[in-house]
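The primary structure of each chain is shown beneath.
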Amino acid sequence: MSVNKEIKRITVHILQAMKARGEKISMLTAYDYSMARILDEAGVDVLLVGDSASNVMAGHETTLPITLDQMIYHASSVVRAVNRALVVVDLPFGSYQGNSTKALSSTIKIMKEAGAHAIKLEGGVEIEESIRRILSAGVPVMGHLGLTPQSIYKFGTYTVRAKEEAEAEKLKSDALALQEMGCFALVLEKIPAKLAKEVSESLVIPTIGIGGGQHTDGQVLVTHDMLGITKDFQPRFLRRYLELFEAIKGATEQYIKDVKAGEFPNETEQY
Ligand code: KIV
């Protein structure tokens, strides 16, 4: 795809400058070409090829089953659609934990085969070696703290994290450590707004919240939730901007009716 020279691509440096001047960052998930084109044209700053694809695209209960090759398929479709947004790709479960050599080779595969601009992984100091190794290859890394869905079987539930003092302290020190390691930004998922504010104010790098309240430097939602394509997931933090499940269902019912009645296609819709 040819690059439109009028459009200034978002870089990790631009995101950091946005934080410095107090401009909020918008981020949404994308998993396919058509949706990514719409979101990019609308002007979203960051597109996250999240491992939530495991849930919303493949229908799995958790993010654990999605593979590296499946993430690369989704990511390369998104990259082909984008002219402006920074494309960040999740390293899936099992592609980086406990093995920094594997973390680097998974990252390189994503960068080479999908053409991604950055990667995201979940966790704090316990994955320091992997983060440092990826950064040493020149790949920008986004951290992810709070509710980290790849650890769902450790947590047991998807409820708000870091409400207790000890977990909040660990999150604060992990956030500083991720910044010190060289991460360019940090997702804070489902933590108390007061804690997200404190962490955001303590960092130079931007924080992107999902269920972290008003004071993070940016916000991210799963696009299928924001557009109302998924309908059973209704956490407090989610604002639905459309009810597409019902709209698509209605349009499909009308199409079926028209086909059955012989009203589609009509004379102007044929050759
Ligand atoms: O996979 C994902 O969609 C995410 C966001 C919820 C931040 O990690």
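See the structure shown above.
What you are looking at is a predicted structure, and each value in this text was computed from that prediction instead of being measured.

S.K.: Would you mind going over the overall build of the chain with me for this structure?
M.R.: Helix and strand counts for the chain come out as eleven helices and eight strands. Projected onto the principal axes, the alpha-carbon positions of the chain cover approximately 65 × 40 × 35 Å. Relative to its 271 residues, the chain shows a buried fraction of 48%. Across the chain, the fraction of contacts at a sequence separation of at least 24, relative to all contacts at a separation of at least 6, is 58%. Summed over all atoms, the accessible surface of the chain reaches about 14100 Å², with 54% contributed by carbon and sulfur. Charge separation in the chain, taken as the distance between the mean sites of 30 positive and 34 negative side-chain charges, equals 3 Å.

S.K.: Got a minute to help me understand the nonpolar core in this structure?
M.R.: If you look at soluble globular proteins, the nonpolar side chains tend to sit buried side by side. Residues L47 and L121 are the most contacted members of the largest nonpolar core, which totals 57 residues. Among the elements that take part in this core, helix α4 (residues 68–81) stands out by supplying seven residues, more than any other. Leave out the neighbours within four places in its chain, and L121 touches L91, Y96, I127, I131, I134, V141, M142, G143 and H144. Residues V46, M142, A185 and I208 belong to the second largest nonpolar core, which totals 18 residues.

S.K.: Would you explain the site of the ligand in this entry?
M.R.: Taken together, the neighbourhood of the ligand is formed by T29, L48, G50, D51, S52, D90, K120, H144, V187, E189, I210 and V222. In the environment of the ligand, an oxygen atom lies 3.0 Å from a nitrogen or oxygen atom belonging to the side chain of D51. Between the ligand and the protein, one listed contact pairs an oxygen atom with a side-chain N or O atom of S52 at 2.5 Å. Surface burial for the ligand is 95%, taken as the share of its 260 Å² of free accessible area covered by protein chains.

S.K.: How should I be thinking about helix α9 (residues 193–202) in this particular structure?
M.R.: Working note: α-helix, 3.6 residues per turn, so residues spaced by three or four point in the same direction. Looking at α9, one finds that the buried residues are L195, A196, V199 and S200. The buried residues of α9 occupy one face: seen down the axis, they fall within an arc of 135°. Away from its buried face, by an angle of more than 90 degrees, α9 presents the exposed residues K194 and E201.

S.K.: Would you mind going over the pattern of salt bridges with me for this structure?
M.R.: Working definition: two side chains of opposite charge can pair if their charged atoms are close together. A full pass over the atoms with the stated rule returns 14 salt bridges. We note a salt bridge from E126 to K170, for which the minimum N-O separation is 3.2 Å. Of this pair, E126 sits in the loop between β4 (118–120) and α6 (128–136) while K170 sits in helix α8 (residues 165–181), and the two are 44 residues apart along the sequence. Given a relative accessible area of 55%, E126 falls into the exposed group. By relative accessible area, K170 is classed as partly exposed at 39%. Linking E169 and K172 is a salt bridge whose minimum nitrogen-to-oxygen distance equals 3.1 Å. Highlighted residues: E169 and K172, both in helix α8, separated by three residues, approximately one helical turn. Connected via shared salt-bridge partners are D69, K109 and E113.

S.K.: Is there a simple way to explain the sheet that holds strand β2 (residues 46–49) in this structure?
M.R.: Think of a sheet as strands paired side by side through backbone hydrogen bonds, with each pair either parallel or antiparallel. On the basis of which strands lie adjacent, the closed barrel formed by eight strands has the order β1-β2-β3-β4-β5-β6-β7-β8 and parallel pairing. Going from strand to strand, the sheet's axes swing by 25° on average, the running direction of each strand aside. Sheet analysis places strand β7 (residues 207–210) next to strand β8 (residues 218–221), joined by two bridges and oriented parallel. Bridge pairing in β8 links G209 to Q219.

S.K.: What am I meant to see in the packing of helix α5 (residues 100–114) against α6 here?
M.R.: The axes of two packed helices give the description: the angle between them and the distance between them. Running from N to C, α5 and α6 point in directions that differ by 40°, and their axes come no closer than 8 Å. When the interaxial angle is binned, α5 and α6 end up oblique. The interaxial crossing formed by α5 with α6 has right-handed handedness. Judged by residue contacts, S100, T101, A103, L104 and T107 of α5 engage E129, S130, R133 and I134 from α6. Split into classes, the residues belonging to the contact of α5 with α6 amount to three nonpolar, four polar and two charged.

Basis of the calculations
- Residues numbered from 1 in each chain as written.
- Predicted model: local features only at pLDDT ≥ 70, side-chain atom pairs only at ≥ 80, totals over all residues.
- Heavy atoms only, no water.
- Helix = DSSP H or I, 4+ residues; strand = E, 2+ residues; numbered from the N terminus.
- Buried < 20%, exposed > 50% of the residue type's maximum accessible area, 1.4 Å probe, protein only.
- Contact = heavy atoms within 4.5 Å.
- Areas by Shrake-Rupley, 256 points an atom, 1.4 Å probe, with all protein chains shown as cover.
- Lys, Arg positive; Asp, Glu negative; His and termini not counted.
- Charge placed at Lys NZ, Arg CZ, Asp CG, Glu CD.
- Core = buried A, V, L, I, M, F, W, Y, C linked by side-chain atoms within 4.5 Å.
- Near = heavy atom within 4 Å.
- Polar contact = N/O pair within 3.5 Å; in protein donor to acceptor, adjacent residues only side chain to side chain.
- Arc of directions from axis to C-beta.
- Salt bridge = Lys/Arg side-chain N within 4 Å of Asp/Glu carboxyl O.
- Pairing = 2+ DSSP bridges.
- Axes fitted to C-alpha atoms, helices over the stretch in contact; angles between N-to-C directions.
- Parallel < 35°, antiparallel > 145°, perpendicular 65-115°, else oblique.
- Left-handed = near helix turned anticlockwise from the far one by under 90°.
- Nonpolar A, V, L, I, M, F, W, Y, C, P; charged D, E, K, R; others polar.

These figures come from the coordinates and say nothing about function on their own.
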